[in-house]
Amino acid sequence: MVQFFLNLLPNPLSMNITQSTVSDLTLQLTMQIVESDYINEVNKTLAQYRRKANVPGFRPGMVPAGMIKKMYGESVVAEVVSNLIGQELEKYIAQEGLATLGQPMPDTSIQQQIDFRSDKDFTFYYLVGIKPNINLTIDQSIEANYSNILFDEEDVDQYLLDIRRQMGSQSDGEHISLGDLVNGELYQWADGKRLEAGFTNLNASLQTDSIQDESTLNLFIGKIKGDAVVFNPNAAFQNRSKLVAFVGAPVEQTADLDADYEFVVNEIKHTELAEMNEKLFSAIYQDAAIFSEEELRSRIRVDIEQTYKAQSERTFFNDMIQKLIELTNLNLPDDFLKTWILESNAREEADKRITPEQLEVQYIYYRDTLRWQLIEEYIVVNNNMMITEDELRGRIKEILGLQAFGGDMDGNEEILNQITDSVMKNKEEVKKLTDQILEQKLTSFFKEKVKLNEMSMRYDDFKEMII
């Protein structure tokens, strides 16, 4: 994703820069540079070149200044002026208090060709995108749904079954039985034949114990490789999340599956479940002493509760992002941003570059990502939610303590501090942790401020709702 940022540097203004409005949230900056603005730096740089120049027929440092200027003058002027432009634009933006989006970009519609060899004075034109004003109050006038996901022993049973299946042994099956994984090809079917223009999935797979319709399950039981089963996927699964997993296709295509399909069996994988013993217990939870099935089930209950809670919180957070984007409906300098994205992306490798046509399709996602960044910044600043170094270090120690010491910090503080110091030097890791902490802060803030419509539901119903 293209990154957008605010660039404000407090420095005194010296260059002659004026601004004019091009369109809503887009300014044109006109910069006039005369020879006296840059000549001293040019002469200083050329003198350095002269001291270092190695030209046949001349001793080091004795090459005529005119020759050095002829050899390097144009490129030095270009470099010095280019650096000057960047410095002075930053100063001007800071002095004028312009909250910019992206970076200043040359206005190619008006900028004339520059001749650094013969011209002494220059005029440059730049376009600048400006942040929109945000007026947002987060209170009880905003309603949001919050799902409390319920679970019972059936969830524990399924969780345990999945673990035993993952850690079990797999072999090729001769015929389909309950619990087998079946891979094959799926073809839309009507009037006793495949529909040529119908939906096709050549890599379909299903776990037989996920089939919820008994009559459909009976169609599969006993089949061998090469056999075909005609059935209605929508009726077989009765659950959209399971249907999506089976189809292996975009969600919108599941609407076409309330019809008959032919499934051709290509492969049958039979799984022998891992035995329920201490070897399994220790393999699942290496950080805990678990010696019985009941202790294992108790730990699984905790995991399920934490997992469901995390998914509920993430869904609520994402819903709030979308709600606030729609509520504020921030205007952006779209034309400027599109050009800036294309210019920035042009420096990428060829296979990563985006075309103008692709950008038109994808811009809505760039736009909404930027809108949320601006909204998030507004909320954080206005509610003093900035993440401190102490918070980051505390989170790192918490994670390390749980992973390495099972939550027991006593006697391990020195080791934790050493590892924490190392992690704090990793910018990517710090960014990831900062985002995690901020998301938790914002989630708690939203839950406290907005009007929550709390709903209790089973996990399958929750998955149905969010698909």
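Being a predicted model, the structure only gives us computed values, none of them experimental.

Examining the sheet that holds strand E1 (residues 16–23)
Across a sheet, paired strands are connected by hydrogen bonds in the backbone, their directions being either parallel or antiparallel.
(1) Moving on: Ordered by their spatial adjacency, four strands build an open sheet running E1-E2-E4-E3, and the pairing between neighbours is antiparallel. Both outer strands of the open sheet, E1 and strand E3 (100–106), are each paired with one neighbouring strand and no more. Within the sheet, the average angular offset between the axes of one strand and its neighbour, ignoring direction, is 25°.
(2) Moving on: As defined by bridge partners, E3 adjoins strand E4 (residues 122–130) across four bridges and the pair is classed as antiparallel. The residue of E4 that forms the bridge with proline 106 is tyrosine 126.

Details of the side chain of asparagine 201
(1) Moving on: Looking at the element boundaries, asparagine 201 is found in strand E9 (residues 200–207).
(2) Moving on: Reaching out from asparagine 201, the side chain makes a polar contact with the backbone nitrogen of asparagine 203 at a distance of 3.0 Å.

A few points about the pairing of E1
(1) Moving on: Pairing geometry for E1 and strand E2 (residues 26–33), over seven bridges, is antiparallel. Its bridge partner being in E2, threonine 21 is matched across the sheet by leucine 27.
(2) Moving on: Between E1 and E2, which pair antiparallel and follow one another directly, the connecting turn spans two residues, one of which, leucine 25, has a positive phi of 70°.

A word on helix H3 (residues 153–166)
(1) Moving on: An ideal rise of 1.5 Å per residue puts 20 Å on 14 residues; H3 measures up with 20 Å between its terminal C-alpha atoms.
(2) Moving on: N-capping of H3 is provided by aspartate 152, with a side-chain oxygen placed 3.0 Å from the backbone N of glutamate 154.

So, the pattern of salt bridges
(1) Moving on: Taken as a whole and assessed by the stated rule, the structure comprises 27 salt bridges.
(2) Moving on: Put simply, aspartate 303 and arginine 299 hold a salt bridge, and the shortest N to O gap is 3.7 Å. Here aspartate 303 pairs with arginine 299, and both are found in helix H8 (residues 293–328), just four residues apart, close to one helical turn.
(3) Moving on: When its relative accessible area of 25% is taken as the criterion, arginine 299 is described as partly exposed.
(4) Moving on: Residue lysine 441 pairs with glutamate 391 through a salt bridge whose shortest N-O separation is 2.9 Å. Here the residue lysine 441 occupies a position in helix H13 (residues 427–449), and glutamate 391 occupies one in helix H11 (residues 389–405), the gap between them amounting to 50 residues.
(5) Moving on: Exposure remark for glutamate 391: the relative accessible area of 27% places this residue in the partly exposed category.

Structural notes on the nonpolar core
(1) Moving on: Judged by nonpolar contacts, the single largest core of 37 residues is most densely connected at Ile138, Leu324, Trp372, Ile379 and Phe446.
(2) Moving on: If you list the elements that add at least two residues to this core, you get E3, strand E5 (143–150), H8, helix H9 (334–345), helix H10 (356–382) and H13.
(3) Moving on: Among the nonpolar cores identified, the runner-up in size contains 29 residues, and Leu27, Ile33, Phe116 and Val128 belong to it.

Digging into a nonpolar patch on the surface
(1) Moving on: Among the surface-exposed residues, Phe58, Met67 and Met71 lie close enough to one another that they form a single nonpolar patch of about 240 Å² accessible area.
(2) Moving on: Following the sequence through the fold, methionine 71 ends up in helix H2 (residues 65–96).

Some words on the environment of valine 63
(1) Moving on: Position of valine 63 among the secondary structure elements: in the loop between helix H1 (35–52) and H2.
(2) Moving on: By relative accessible area, valine 63 is classed as buried at 0%.
(3) Moving on: If near-sequence neighbours (up to four positions away) are discounted, valine 63 is found in contact with Arg50, Ala53, Val55, Phe58 and Ile68.

Considering a negative patch on the surface
(1) Moving on: Side chains of Glu35, Asp37, Asp115, Asp119 and Asp121 sit close together on the surface and give a patch of like negative charge.
(2) Moving on: Along the chain, aspartate 37 falls in helix H1.

Conventions we followed
Residues numbered from 1 in each chain as written. Predicted model: local features only at pLDDT ≥ 70, side-chain atom pairs only at ≥ 80, totals over all residues. Heavy atoms only, no water. Pairing = 2+ DSSP bridges. Helix = DSSP H or I, 4+ residues; strand = E, 2+ residues; numbered from the N terminus. Axes fitted to C-alpha atoms, helices over the stretch in contact; angles between N-to-C directions. Polar contact = N/O pair within 3.5 Å; in protein donor to acceptor, adjacent residues only side chain to side chain. Expected span 1.5 Å × (residues − 1). Salt bridge = Lys/Arg side-chain N within 4 Å of Asp/Glu carboxyl O. Buried < 20%, exposed > 50% of the residue type's maximum accessible area, 1.4 Å probe, protein only. Core = buried A, V, L, I, M, F, W, Y, C linked by side-chain atoms within 4.5 Å. Patch = residues over 30% accessible without salt bridge, like charges linked within 9 Å, V, L, I, M, F, W, Y side chains within 5 Å. Areas by Shrake-Rupley, 256 points an atom, 1.4 Å probe, with all protein chains shown as cover. Contact = heavy atoms within 4.5 Å. Lys, Arg positive; Asp, Glu negative; His and termini not counted. Charge placed at Lys NZ, Arg CZ, Asp CG, Glu CD.

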